[in-house]
2 protein chains.
Amino acid sequence: MDTSNQSTPFSIRDTAINDSFWSPFMERIRTKVIPYQWDALNDRIPDAEPSYCMRNFKLAAELTHPELDYGVPGDIGYGGTVFQDSDIAKWIEAASYSLVWHPDPELEKNLDGAIDIICDAQQKDGYLDTYYIINGLDRRFTNLKDNHELYCFGHFLEAAAAHYEATGKRKLLDALIRYAECISRHIGPEEGKLHGYPGHEIAEMALIRLYGVTKDERHLKLARYFIDQRGQRPLYFEEETQRNNNDFPWKDSYMQYQYYQAGKPVRDQHRAEGHAVRAVYLYAGMADAARLTGDKKLRDACETLFANIAGKQMYITGSIGQSAYGESFSYDYDLPNDTVYGETCAAIGLAFFARRMCSITPRSAYADVLEKTLYNGIISGMSLDGRAFFYVNPLEALPEASLKDPRMRHVKIERQKWFACACCPPNLARIIASLGAYVHSLNVDTLYTHLYLGNEAKCTVGGKEVSLKTETRYPWEGRIDITFTATSGGAFFAYGLRIPGWCRSYTLELNGEKTAAVVQDGYAMLKREWRDGDRLTLVFDMPVTLVESSPHVRENRGKAALMRGPVVYCLEEADNGKELYRLRLGTPAACSVTYEKDLLEGVTVISFAGKREKDWPKDELYRPLDDPVLEDRPLRFIPYYAWANRGPGEMTVWVNR
Amino acid sequence: MDTSNQSTPFSIRDTAINDSFWSPFMERIRTKVIPYQWDALNDRIPDAEPSYCMRNFKLAAELTHPELDYGVPGDIGYGGTVFQDSDIAKWIEAASYSLVWHPDPELEKNLDGAIDIICDAQQKDGYLDTYYIINGLDRRFTNLKDNHELYCFGHFLEAAAAHYEATGKRKLLDALIRYAECISRHIGPEEGKLHGYPGHEIAEMALIRLYGVTKDERHLKLARYFIDQRGQRPLYFEEETQRNNNDFPWKDSYMQYQYYQAGKPVRDQHRAEGHAVRAVYLYAGMADAARLTGDKKLRDACETLFANIAGKQMYITGSIGQSAYGESFSYDYDLPNDTVYGETCAAIGLAFFARRMCSITPRSAYADVLEKTLYNGIISGMSLDGRAFFYVNPLEALPEASLKDPRMRHVKIERQKWFACACCPPNLARIIASLGAYVHSLNVDTLYTHLYLGNEAKCTVGGKEVSLKTETRYPWEGRIDITFTATSGGAFFAYGLRIPGWCRSYTLELNGEKTAAVVQDGYAMLKREWRDGDRLTLVFDMPVTLVESSPHVRENRGKAALMRGPVVYCLEEADNGKELYRLRLGTPAACSVTYEKDLLEGVTVISFAGKREKDWPKDELYRPLDDPVLEDRPLRFIPYYAWANRGPGEMTVWVNR
């Protein structure tokens, strides 16, 4: 495999974000989500179900070290879901990121305290999962399929690496290295070991991240084993289920073991199938492994799976997982707008996957998906006050249907305060808190910019230290100004600026002069010696665009959606009244595009003259087809991500033409 | 209440059907369904779950009369659902009807034998429900809400009346009169009695039918009590649930006791709500009571409920019950085509209700619904070989969705052989076998014809015996010829011929001369002295009509359906390939309308030049809106009821315009 064009993202430490769009989101994560979650993990939220998460660790620590006494009542056992441990791991990860861009001694102290308790719970052999420490270690590793042991392990690896990168402290990292050794003693290709792999993936990409820190080949090897062994015959999950008399919840489903992406070897998987979050977490790990190992078949599988998602199973918002049934992918071109699952975590996982595909081969097509998820299906998961969250991100909402229609019972029309299964809020926290790592990437002699937002970044390229400062009002405006600082003199390297897939026209100026750049895989490439003070000005035309979906998508026939730049828009009842399906786009002539700073924390609103189907003269249900009687009706669109911040009501992304 | 315009349907004995469309259906019922069901009820179908129905009666008879020995193993208790008794009742009803138009000594013997066993199971006090006879009579009448005691009672009343009308035999009728007395001793307004009513309605209309036979006011009174007491505070079902510690499956549902139409008094119910079959069975009983008692408030409630169904909750096929959740009505204008429940039994119940509304006030609007259900949503429930059945009658079918999408798991794309809950096939049998009773109705001096099909009917009107013979190729052709025979000389009366709601133009000739008739409530009225040999020729124009649905129906925006006469058409994959949602009607100019006698047991097929959305040049999922590229595509429509008789495939009623 030709690995010359591979690139690696910047570390979280190398990019400082100062952006009018994203900084408020990051602040909400820092000031609302992270403190709230810390209280939740410690069962300090009044009127909420306890999390039990930290209590489980304290109890496990008391069991491991009887001299310890956290005052946990001894007669109360393990609490919460089987994957409750992962909650504190996600919190540690997000909180660590936030320390990078906002040092906070008190938060750091809380982190250290939590890590102390966690490490106290670790067994002598390195094992660290409170569900089994409390319920009986003899049952550990007996249900990799459904008991999330390796999932919690993976999340802790991410947490350990993030904490180490953010603070330089090794305590959690070393604990996880020992846990990885413990797992390697029990699981692997050698005779006498379990030939298993995670039921809920994440350990694959997490081990590769650990390998990035430790450079210990054993960590890469374990990740590769998890990937390569997955779905090999005889199926480990089938054997494990029989051997241990485990339940198999999908035995009557068409999905079978593909619910876990474990029905066939990963290189033979050509469609995204099964539980959507698990799927994209696996694919992200596969992409990492393909990049590091040059495994062409694995890369091909990643490309095929990515193409299947982006070309046949992805909503225009970047949401994935069409079906509430198993929170899963369903079938190609099945994209219902009202009954969609579209879990926030799945969009986040797709962003992970897209970013890693971009690292194998920088292509705007990958970064387009990354950008689409970030500006739409990911941030739609959080209210604008940072206090309420969507699991499910519908593209059409009807309050009466959510109340009365079981097809839409999972579709909430208002974000919820917190969840018993608290996966989405902390996942939002960890991606938004680490957004700095998504902006640029680097290979030996090429610097790429994938996302446009205000930031200052530094790297070493062409043997020189280079800084670049980006200023922009993106996504509301199309102008991006980039200034280089080459502190140690001019640096010769190629710089690739992503031209988004949505962009039909743009201009590029270098130091005030129009410049032409070859566009390669969607990146405008400028190869030159960059000098201190060099200025690039990239201006994207940002017209309002009506978008249609492929003829294969039955749900969207006769409809269009509205986009401007990367932002998908929607109609809300608050602006347009009820029965949004009676509205028609007509032929929008003059749009008004207005930034309203006091609306929804500042959004660009799009208005134009549309139509509305009038009521029939008689109150009939059916009649011979007649010309529709349409009345003029101004339509007012807001960005999709900002919906449901003004009370319950209807919403739709796709509008009748 | 002015009851002068009330009419009563003909008895099953008064109309002999000989019709090219309906007689084959009746023959299928007689030769396939009734014998198959008899074997099923006696557990004689290989490879099928036993019904246990007749075995339960034998066991109950042995318990009641220890001298009897049917050889039922003593250690096996009650089998089947709690309402298993109703299956034999429906069979007796349908089989009795068939004896009227096709005498069959062997069938009559089987009927007598079954009735003997049933009567042997009856308790001394008249009680007759094998579930409680076998499981313990101390628990009887403790769960009227969910245990279907009064539902089975109601079906047996229908069976007893039908058997008596068909054969003149009183054995089952007398048994049911005793059972009605038993129930009246336990349930009623008096102190010390239970103030209850059926959880699954049917006893209301059945008791009124019994009253029609017995003229015993107590039977009418019990029916009225069931209707009037329903939903009164304190709610009987709530009290019963608490008192007997019963389950309440709908306690977390928005429906609550309205699942049973028992959350408020029936006269305060303005929307059809809850389980659809139960609802329309209740409404049919209410209509019967309103007709007999002149209760204006009850009639108003019936009219309001009928208008709600026909105007806001009914599919174009006459199917009702939009939601698989509780097999229920959902909310106004919610008419999803793919996830619909649309149970065959519910369409049958709507036909019952419509026929009874027609009897209060003959209006074509009621008979339109009756006709719509019969030619579409009812007979779609049975395969053309009479051997397979749909519970659920979708208006759009996608095989992959039915396999993979839990929203459509109840939507089968092929009719099933039989059902564990065998409600729909015998219900089809009893309505089709009694179709003769739906054709005409009569009040003192007015004869009405509601349905057009080949038949000979006789009645006494204007003091004279009159016969009329109808010949027609309806619904394939619009011409109807009616010949009168007035055996005892001319008879002076008004004759109302229904002008269907779908009809825009027609001609009427009397003895070869065009005649004008005043149309009153949708009936062309001819008042004159009718003489032997008078001939009427009614010719409906029957153009192919594109139909649209109200702007309030979100699922059908931009679509149209095709009808000709009362028959709703559909596109099937067998004729039109896959991805039916890519087809467009365009502007159909010249239709070809062809009767194909060898297709689907003989159907009229409609073809015209439509369009199909071509694939996009690039394999994209989204793109800026462009003019669609359409290719010409001939469209071939078949009658909806005949779909799914040529193997699995896609189907749709509503087609993009």
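Residues numbered from 1 in each chain as written. Chains lettered and ligands numbered in written order. Predicted model: local features only at pLDDT ≥ 70, side-chain atom pairs only at ≥ 80, totals over all residues. Heavy atoms only, no water.

**Student:** Residues and numbers for the domain arrangement of chain A, please.
**Tutor:** All names here are of chain A. The assigned domain composition of chain A is domain 1 (23-438), domain 2 (440-540) and domain 3 (544-656). Between domain 1 and domain 3, the C-alpha centre-to-centre distance is 35 Å. With 29 residues of domain 1 at the interface, the matching set in domain 3 holds 30 residues. Across the domain 1/domain 3 interface, buried area totals approximately 2500 Å², and carbon plus sulfur atoms make up 61% of it. When the area that domain 1 buries against domain 3 is broken down by residue, the three leading residues are Ile316, Tyr333 and Leu384, summing to 25%. (Domains from an automatic or database assignment. Contact = heavy atoms within 4.5 Å. Buried area = accessible area lost by both parts, 1.4 Å probe.)

**Student:** Can you tell me about the pattern of salt bridges, naming the residues and giving the values?
**Tutor:** Residue and element names in this part refer to chain A. Under the defined criterion, the tally for this structure stands at 100 salt bridges over all chains. Ionic pairing is found between Glu190 and Lys221, a salt bridge with its closest N-O pair at 3.9 Å. With Glu190 in the loop between helix H7 (171-186) and helix H8 (203-214) and Lys221 in helix H9 (residues 217-229), the pair connects residues that are 31 residues apart, well separated along the chain. With relative accessibility at 33%, the residue Glu190 sits in the partly exposed group. The partner of Arg473 in a salt bridge is Glu477, with the nearest N and O atoms 3.8 Å apart. (Salt bridge = Lys/Arg side-chain N within 4 Å of Asp/Glu carboxyl O. Helix = DSSP H or I, 4+ residues; strand = E, 2+ residues; numbered from the N terminus. Buried < 20%, exposed > 50% of the residue type's maximum accessible area, 1.4 Å probe, protein only.)

**Student:** Any details on the interface of chain B and chain A? Residues and values, ideally.
**Tutor:** With 62 residues of chain B at the interface, the matching set in chain A holds 62 residues. The largest contributions to the chain B side of the interface with chain A come from Arg554(B), Leu621(B) and Tyr622(B), which together make up 15% of the buried area. Here chain B is connected to chain A by 8 salt bridges. Residue Arg554(B) is joined to Asp338(A) by a salt bridge in which the shortest nitrogen-to-oxygen separation is 3.2 Å. Linking chain B with chain A are 26 residue pairs in polar contact (both at pLDDT 80 or more). When contributions to the side of chain B that touches chain A are tallied by element, the ones reaching two or more residues are helix H12 (296-313), helix H15 (399-404), strand S15 (544-549) and strand S21 (622-624) of chain B. (Polar contact = N/O pair within 3.5 Å; in protein donor to acceptor, adjacent residues only side chain to side chain.)

**Student:** Can you tell me about the relation of the copies chain B and chain A, naming the residues and giving the values?
**Tutor:** Superposing chain B onto chain A takes a rotation of 180° combined with a translation of 0.0 Å along the rotation axis, leaving an RMSD of 0.0 Å. In symmetry terms, the pair is related by a two-fold rotation axis. Nearest to the rotation axis, the C-alpha of Arg407(B) is located 2.9 Å from it, this being the minimum over chain B. (Least-squares fit on C-alpha atoms with pLDDT ≥ 70 in both.)

**Student:** Describe the sheet that holds strand S5 (residues 446-449) of chain B, and please don't skip the residues or the numbers.
**Tutor:** All names here are of chain B. If you walk across this open sheet you meet the 6 strands as S1-S4-S5-S9-S13-S12, and the pairing is mixed. Of all strands in the sheet, those with a lone pairing partner are strand S1 (8-9) and strand S12 (518-520), marking the two edges. Inspection of the sheet shows S12 paired to strand S13 (residues 523-530) by 3 bridges, in the antiparallel sense. Each residue of the ladder has a partner; that of Val518, found in S13, is Met525. On top of the sheet, helix H14 (residues 364-378) reaches strand S9 (491-498) and S13; it is set at about 60° to S9, its chief contact. (Pairing = 2+ DSSP bridges. Axes fitted to C-alpha atoms, helices over the stretch in contact; angles between N-to-C directions.)

**Student:** Pulling in residues and values, what's your account of the environment of Val567(B)?
**Tutor:** Residue and element names in this part refer to chain B. Within the secondary structure, Val567 sits in strand S17 (residues 567-572). In this structure Val567 comes out as buried when scored by relative accessible area, which is 1%. For the pair formed by Val567 and Asp120, sequence separation is 447 residues and the distance between their alpha carbons is 46 Å.

**Student:** Can you tell me about helix H2 (residues 53-64) of chain B, naming the residues and giving the values?
**Tutor:** Residues and elements named next belong to chain B. When the terminal C-alpha atoms of H2 are compared, their 17 Å separation across 12 residues agrees well with the 16 Å that a helix rising 1.5 Å per residue should span. The buried fraction of H2 is high, at 9 of 12 residues. Among the residues of H2, those classed as buried are Cys53, Met54, Arg55, Asn56, Phe57, Leu59, Ala60, Ala61 and Glu62. Its buried side turned inward, H2 meets helix H1 (22-41), helix H3 (85-101), helix H4 (105-121), helix H5 (130-135) and helix H6 (149-167). (Expected span 1.5 Å × (residues − 1).)

**Student:** Describe the sheet that holds strand S10 (residues 506-510) of chain A, naming the residues involved and giving the relevant values.
**Tutor:** Two pairing modes exist for strands in a sheet, parallel and antiparallel, and in both the strands are linked by backbone hydrogen bonds. Residue and element names in this part refer to chain A. Taken in spatial order, the 7 strands make up an open sheet running S2-S6-S7-S8-S14-S10-S11, and their pairing is antiparallel. Each edge of the open sheet is held by one strand with a lone partner, namely strand S2 (15-17) and strand S11 (513-514). Sheet topology note: the strand S8 (residues 479-485)/strand S14 (residues 535-540) ladder contains 5 bridges and is antiparallel. Among the inter-strand pairings, Arg479 is bridged to a residue of S14, identified as Val539.

**Student:** With reference to specific residues and values, describe the side chain of Ser23(B).
**Tutor:** The topology assignment puts Ser23(B) in helix H1. Not counting the four nearest positions on each side in its chain, Ser23(B) is found in contact with Ile17(B) and Asn18(B).

**Student:** For the state of the cysteines, give the residues involved together with the corresponding values.
**Tutor:** Working definition: the covalent bond between the sulfur atoms of two cysteines is a disulfide. In total, this model carries 0 disulfides over all chains according to the counting rule given. Not engaged in a disulfide, the cysteine Cys302(A) finds its nearest cysteine sulfur in Cys358(A); these two sulfurs lie 14 Å apart. Considering cysteine sulfurs only, Cys152(B) is the nearest to Cys53(B), which forms no disulfide, with 8.7 Å between them. Residue Cys53(B) is classed as buried on the basis of its relative accessible area of 0%. (Disulfide = S-S within 2.5 Å.)

**Student:** Go over the pairing of S10(A), please, and point to the residues and values.
**Tutor:** All names here are of chain A. Summarising the sheet, S10 and S14 pair through 5 bridges and their orientation is antiparallel. Counterpart to Leu508 in the pairing with S14 is Leu538. The pairing of S10 with S11 spans 2 bridges and is antiparallel. Each bridged residue has a counterpart across the sheet, and for Glu509 the counterpart in S11 is Lys514.

**Student:** Tell me about the packing of aromatic side chains, residues and numbers included.
**Tutor:** Counted under the stated rule, the structure contains 92 aromatic pairs over all chains. Plain terms: the ring middles of Phe484(A) and Tyr495(A) are 5.4 Å apart, the flat faces sit at 90° to each other, and that makes the pair edge-to-face. Within this pair, whereas Phe484(A) is found in strand S8, its partner Tyr495(A) is found in strand S9 (residues 491-498), the two being separated by 11 residues in sequence. Of the two residues examined, Phe484(A) and Tyr495(A), each falls in the buried class. Here the aromatic rings of Trp654(A) and Tyr622(B) are separated by 6.0 Å at their centres, their planes lie at 25°, and the arrangement is stacked. Taken together, the residues span two chains, with Trp654(A) in the loop between strand S23 (651-652) and strand S24 (655-656) and Tyr622(B) in strand S21. Tyr622(B) carries the same exposure label as Trp654(A), and that label is buried. (Phe/Tyr/Trp six-rings, centres within 6.5 Å; stacked < 30°, edge-to-face > 60°.)

**Student:** I'd like to hear about the packing of helix H11 (residues 276-293) of chain B against helix H13 (residues 344-360) of chain B, residue by residue, with values.
**Tutor:** Residue and element names in this part refer to chain B. One can describe the packing of H11 onto H13 by two numbers: an axis separation of 8 Å at closest approach and a directional angle of 15°. Comparing the axis directions of H11 and H13 gives the class roughly parallel. The hand of the H11/H13 crossing is left-handed. On H13, the residues that touch Ala276, Val277, Val280, Tyr281, Tyr283, Ala284, Ala287, Asp288, Ala290 and Arg291 of H11 are Cys345, Ala346, Gly349, Leu350, Phe352, Phe353, Arg356, Met357, Ser359 and Ile360. By residue class, the composition of the contact of H11 with H13 is 15 nonpolar, 2 polar and 3 charged. (Parallel < 35°, antiparallel > 145°, perpendicular 65-115°, else oblique. Left-handed = near helix turned anticlockwise from the far one by under 90°. Nonpolar A, V, L, I, M, F, W, Y, C, P; charged D, E, K, R; others polar.)

**Student:** Lay out the packing of helix H7 (residues 171-186) of chain B against helix H9 (residues 217-229) of chain B in plain terms, naming residues and giving numbers.
**Tutor:** Residue and element names in this part refer to chain B. Running from amino to carboxyl end, H7 crosses H9 at an angle of 50°, the nearest separation of the two axes being 11 Å. Accordingly, the angle class assigned to the pair H7 and H9 is oblique. The interaxial crossing formed by H7 with H9 has left-handed handedness. Contacts between H7 and H9 involve Ile177, Ala180, Glu181, Ile183 and Ser184 from the former and Arg218, His219, Leu222 and Phe226 from the latter.

**Student:** Please provide a residue-by-residue account of H7(B), values included.
**Tutor:** Residue and element names in this part refer to chain B. With 16 residues, H7 should reach 22 Å at 1.5 Å per residue; the first-to-last C-alpha distance of 23 Å fits that figure. Within H7 the residues assigned to the buried category are Leu172, Leu173, Ala175, Leu176, Ile177, Tyr179, Ala180, Cys182 and Ile183. At its buried positions, H7 is contacted by H3, H4, H6, helix H8 (203-214) and H9.

**Student:** Pulling in residues and values, what's your account of the environment of Thr487(B)?
**Tutor:** All names here are of chain B. Relative to the elements of secondary structure, Thr487 occurs in the loop between strand S8 (479-485) and S9. Exposure remark for Thr487: the relative accessible area of 59% places this residue in the exposed category. Between the alpha carbons of Thr487 and Val466 there is a distance of 6.7 Å; along the sequence they are 21 residues apart.

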